[in-house]
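Fold and contact review
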Amino acid sequence: MIKFNDDFSFERDQYFWHLTESFDGKDKDGNDKRQHRTTYHASIAQICGVIIDRSCGKCQSLEEVLTLLASAKTELTEHAESLKQQ
């Protein structure tokens with residue numbers, strides 16, 4: 001599994017890319033719990049699009065969205081390059 005950041009990781013099997021999003025939630029007793037949701041995608045480009053889309057959903061203003069979109073390509077590329085060097 002490739003960890004992108006604290007919220008997203010992904011891996012590939014022979015059929016799909018699996019994107020796992022981790023988020024803070026509650027268990028059945030109301031206690032804090034780190035939860036995970038996995039979705040399936042046909043390409044790494046779709047994975048990147050979903051990460052950007054979900055990250056934009058956390059923005060509080062249009063200015064934040066525009067800043068995120070402007071930096072997304074650079075940050076994704078830099079992060080991918082750093083993973084290759086590890």
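Keep in mind the model is a prediction, meaning the values are calculated, not measured.

Right, let's get into the environment of Asp24. Among the structural elements, Asp24 can be located in strand 3 (residues 17–26). The exposure class of Asp24 is exposed, given its relative accessible area of 64%. It is 9.6 Å that separates the C-alpha atoms of Asp24 and Asp7, two residues lying 17 residues apart in sequence. Among the polar contacts listed, one links the side chain of Asp24 to the side chain of Arg34, at a separation of 3.0 Å.

Moving on to the side chain of Ser9. Here Ser9 shows up in strand 2 (residues 8–12). Here Ser9 falls in the buried class, since its relative accessible area comes to 10%. Every residue in contact with Ser9, bar those within four places of it in the chain, is listed here: Met1, Ile2, Lys3, Phe4, His18, Leu19 and Thr20.

About the criteria used
Residues numbered from 1 in each chain as written. Predicted model: local features only at pLDDT ≥ 70, side-chain atom pairs only at ≥ 80, totals over all residues. Heavy atoms only, no water. Helix = DSSP H or I, 4+ residues; strand = E, 2+ residues; numbered from the N terminus. Buried < 20%, exposed > 50% of the residue type's maximum accessible area, 1.4 Å probe, protein only. Polar contact = N/O pair within 3.5 Å; in protein donor to acceptor, adjacent residues only side chain to side chain. Contact = heavy atoms within 4.5 Å.

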